[in-house]
Amino acid sequence: MTTRRFFLERAGAATALAMTGQGCVTGGKPPFVTPLPIPALQEARKRNGHIDIIATKGKHAFFPNQQAATYGFSAAFLGPVLMLHSGDEVQFSVENKLDEVTTAHWHGVLAPAAVDGGPHLAIKPGEIWRPRFRVNQLEATAWYHAHPHGDSGRQVYMGLAGMVIIKDGTSQRLGLPESYGVDDLPIILQDRTFDSTGNLKYAVNGPAMMMGVRGDTLIVNGAIAPVARVPAGIVRLRILNAANARNFDLSFQDDRAFHVIASDGGYLPNPVAMTTLTIAPGERFEVLVDLSDGQAVELVTAEDRRALMGMGSGIGTAMTNEMSGSGAGSLMRFEVDGSLAAPVKSIPLSLLALQEPTYPDSIVRRQISLDMGPGMMRGMRMGGGGMGSGPPVGINGRVFDMNRIDFEPALGSSEIWEISPTMMAHPFHIHGVIFRILSMSGKPPAAHLAGGKDTVLLDGPAELLMRFLQPASREAPFMFHCHILEHEDRGMMGQYATR
Ligand code: C2O
Ligand code: CU
Ligand code: CU
């Protein structure tokens, strides 16, 4: 309730219409006045194979006339969209102009662990990190974000995140929308809480230790309730959940169908028609929506009810709403502008063939439990450690340790990881691989989850099939972790090296 009132005061909305949908109380409809910010594009091919970003402090007005202290990569908040072409060698430069250690992790970009930007690859204040590698993967939407040891949640919350687009010519071949910022839009979803001066409030209090830091205000590309002007045709949305903890249950407010064409690792074999789509922190989905009817439409999210699975739904809902945000709301609005060229008028019937996931009976299987509360207590008696206050979190009963390598798969080998989440739904992410989901809670994955993935929201046991093609050393290993950043920071993370 406070959320809506707060929103109205702060955004200075003139109208107060009743909102529809669960979780919305009398309050206001967002005004949709801010144009959707389109991040600057850094296309490596047009810059001599170079990508240059600077982690810096900034000032960003989430509300009119209120400058919030923020961080960004070469921007006040968030960073440029990096466009990389598969097959090209890219020279990155990441300068740290903050007065604290940071890193830049290429989430979903396949590269050796020595250049992937995990917590072992700290960039000290004033330093420049210069990784170089050849991009070699299918066309996909990935992203990058700060990943410093124990502090990823706060730094990402302050703004250290951006999108990566990997191209290999498939879009063009399939006739998909690819005019950046016109019919091919980056849609970076986050939620934030602000203090009375319009500054970001990052508070890891009791509920946030449990459920991650969630906000009462939804932002898209750093703007509250923005509006995008789009052509009257097929529009492609590259949706990234860059929130610290909340899942978005997306739909259009008129319930129109849309087509999911790609997940984290690239295209699905066929567009999947859906009317609601859940996207968890770290995940990406590419969606085609037909706006040729000329009707304006809002992208909305339902309340995040998965936050407290298994904790008693009544209490869970109350905590989610009143203490930590995650309510229903409108994210943004699309308005059709007939004067914009709409080159794509139809959705292809098929996209890119997908290999059947196959493996030998003798394949290595590993069990990984994402532990909270009781599971962790068990582990702690076996010699794990605590970290900070609040309920301990970890993996297989142990808190993350920078000096412990949890697994050493052979380079080139395949494995099945059996993941068991506890207490609530956790978005599980693995560096250095694109995996396939074999099962989720004993069932085959839904069609839009059946392609290449690097992050998956699990509220039950799952089997993930992966092949280790990127090298990782004991000095610079790959991470695997829950992408609720407060869980990751507090130790729900492990690391693997290849042998
Ligand atoms: Cu998106 Cu280990 O990260
Ligand atoms: Cu990652
Ligand atoms: Cu988690």
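Residues numbered from 1 in each chain as written. Chains lettered and ligands numbered in written order. Predicted model: local features only at pLDDT ≥ 70, side-chain atom pairs only at ≥ 80, totals over all residues. Heavy atoms only, no water.

**Some points on the overall build of the protein**
Scanning the protein from terminus to terminus reveals seven helices and 31 strands. Within the protein, buried positions represent 60% of all 499 residues. Long-range pairs, those at least 24 residues apart, make up 77% of the contacts in the protein with a sequence separation of at least 6. (Helix = DSSP H or I, 4+ residues; strand = E, 2+ residues; numbered from the N terminus. Buried < 20%, exposed > 50% of the residue type's maximum accessible area, 1.4 Å probe, protein only. Contact = heavy atoms within 4.5 Å.)

**Description of the coordination of the copper ion (ligand 2)**
Only His 105 (NE2) and His 429 (NE2) from the protein coordinate the copper ion (ligand 2), and they sit 1.9 Å from it. Taken as a pair, His 105 in strand S6 (residues 105–107) and His 429 in strand S26 (residues 426–430) lie far apart in primary sequence, 324 residues in all. His 429 matches His 105 in its accessibility class, with the two residues each being buried. (Donors = N, O, S within 2.8 Å, 3.2 Å for Na, K, Ca; no water.)

**Comments concerning the sheet that holds strand S12 (residues 217–220)**
Sheet strands line up and pair through hydrogen bonds in the backbone, either parallel or antiparallel. Read from one edge to the other, the open sheet built from seven strands follows the order S13-S12-S11-S15-S20-S17-S18, with strand pairing classed as mixed. Either end of the sheet is taken by a strand with one partner, and the two such strands are strand S13 (223–224) and strand S18 (266–274). Across four bridges, the pairing between strand S11 (residues 184–192) and S12 is antiparallel. The partner of Leu 189 across the bridge, within S12, is Val 220. (Pairing = 2+ DSSP bridges.)

**Looking at the coordination of the copper ion (ligand 3)**
Listed as protein donors to the copper ion (ligand 3) are His 426 (ND1), Cys 482 (SG) and His 487 (ND1); their distances from the metal cover 2.0 to 2.1 Å. As a motif over one chain, the donors of the copper ion (ligand 3) read H-x55-C-x4-H. A residue pair is termed long-range when its members are at least 10 positions apart, and His 426 in strand S26 and Cys 482 in strand S30 (residues 478–482) qualify at 56 residues. Judged by relative accessible area, His 426 falls into the buried class, the value being 0%.

**Focus: the layout of surface pockets**
Here the largest pocket defines a volume of roughly 750 Å³. For the largest pocket, the lining is made up of 26 residues, of which Gln 355, Ile 434, Arg 436, Arg 467 and Leu 469 are closest to its centre. For the lining of the largest pocket, the secondary structure elements donating two or more residues are S18 and strand S29 (462–467). No other element matches S29, which puts three residues into the lining of the largest pocket. Of the residues assigned to the lining of the largest pocket, the class counts are 13 nonpolar, ten polar and three charged. A volume near 410 Å³ is recorded for the second largest pocket. What lines the second largest pocket is a set of 27 residues, and nearest its centre among them are Thr 34, Pro 37, His 60, Gly 222 and Ala 223. Those elements that provide at least two residues to the lining of the second largest pocket are helix H1 (2–11), strand S2 (50–63) and S13. Looking at side-chain class alone, the lining of the second largest pocket contains 21 nonpolar, six polar and no charged residues. (1 Å grid on protein atoms, 1.4 Å probe; cavity = no way out; pocket = protein on both sides within 12 Å on 5 of 7 lines; lining within 4 Å. Points joined across faces, edges and corners; volume = space filled by probe spheres on them. Nonpolar A, V, L, I, M, F, W, Y, C, P; charged D, E, K, R; others polar.)

**A short note on the sheet that holds strand S28 (residues 455–458)**
On the basis of which strands lie adjacent, the open sheet formed by four strands has the order S28-S26-S30-S31 and antiparallel pairing. The open sheet has two edge strands with one neighbour each: S28 and strand S31 (493–496). Taking the axes of each pair of neighbouring strands and ignoring which way they run, one obtains an average angle of 20° across the sheet. In terms of strand pairing, S26 meets S30 through three bridges, oriented antiparallel. Residue pairing across strands places Ile 430 opposite Phe 480, the latter belonging to S30. (Axes fitted to C-alpha atoms, helices over the stretch in contact; angles between N-to-C directions.)

**Description of the side chain of His 145**
Along the chain, the position of His 145 falls in strand S9 (residues 140–145). For His 145, a relative accessible area of 0% corresponds to the buried category. Side chain to side chain, His 145 and His 483 meet in a polar contact 3.5 Å long. Setting aside chain neighbours within four positions, we find His 145 in contact with Phe 73, Thr 103, Ala 104, His 105, His 107, Val 156, Leu 160, Ala 161 and His 483. (Polar contact = N/O pair within 3.5 Å; in protein donor to acceptor, adjacent residues only side chain to side chain.)

**Considering the nonpolar core**
Counting residues in hydrophobic clusters, the biggest one holds 66 residues, and the most contacted among them are Ile 187, Leu 237, Phe 334, Trp 417, Phe 428, Ile 430 and Leu 464. Ranked by residues supplied to this core, first place goes to strand S22 (residues 329–336) with four residues. Setting aside its immediate chain neighbours within four residues, Leu 464 contacts Glu 415, Ile 416, Trp 417, Ile 419, Phe 428, Ile 430, Phe 435, Arg 436, Ile 437 and Val 456. Core analysis: the next-biggest nonpolar cluster, separate from the first, contains 56 residues, Leu 78, Val 164, Ile 165 and Leu 240 among them. (Core = buried A, V, L, I, M, F, W, Y, C linked by side-chain atoms within 4.5 Å.)

**Side note on the pairing of strand S21 (residues 297–302)**
Here S21 lies mainly inside the structure; five of its six residues are buried. The pairing of strand S16 (residues 248–252) with S21 spans four bridges and is antiparallel. Among the inter-strand pairings, Phe 252 is bridged to a residue of S21, identified as Leu 299. The pairing of S21 with S22 spans five bridges and is antiparallel.

**Looking at the environment of Phe 407**
Mapped onto the secondary structure, Phe 407 falls in the loop between strand S24 (393–395) and strand S25 (414–421). With 90 residues separating them along the chain, Phe 407 and Ala 497 place their C-alpha atoms 6.6 Å apart. In contact with Phe 407, not counting residues within four places along its chain, are Arg 366, Ile 368, Asn 396, Trp 417, Phe 480, Gln 495, Tyr 496 and Ala 497.

**A few points about empty space enclosed by the protein**
Scanning all chains against the criterion turns up four cavities of 30 Å³ or more. Estimated volume of the largest cavity: approximately 50 Å³. Lining the largest cavity we find 13 residues, and of these Gly 108, Val 109, Ile 430, His 431 and Gly 432 sit closest to its centre. Only S6 and S26 provide two or more residues apiece to the lining of the largest cavity.

**Concerning the confidence of the model for the protein**
For the protein, mean pLDDT is 90; residues scoring 70 or higher make up 87% of the total. Here residues 1–27 is a poorly scored stretch, pLDDT under 50, and it has 45 contacts once near neighbours within four places are set aside; other chains count. Within the model, pLDDT remains below 50 along residues 309–316, and this stretch shows eight contacts once partners closer than five positions in the same chain are excluded. (pLDDT = per-residue confidence, 0-100.)

**Examining the side chain of Ser 251**
Looking at the secondary structure, you find Ser 251 in strand S16. With residues near it in sequence (within four places) discarded, Ser 251 still touches Thr 275, Thr 276, Glu 298, Leu 299 and Val 300.

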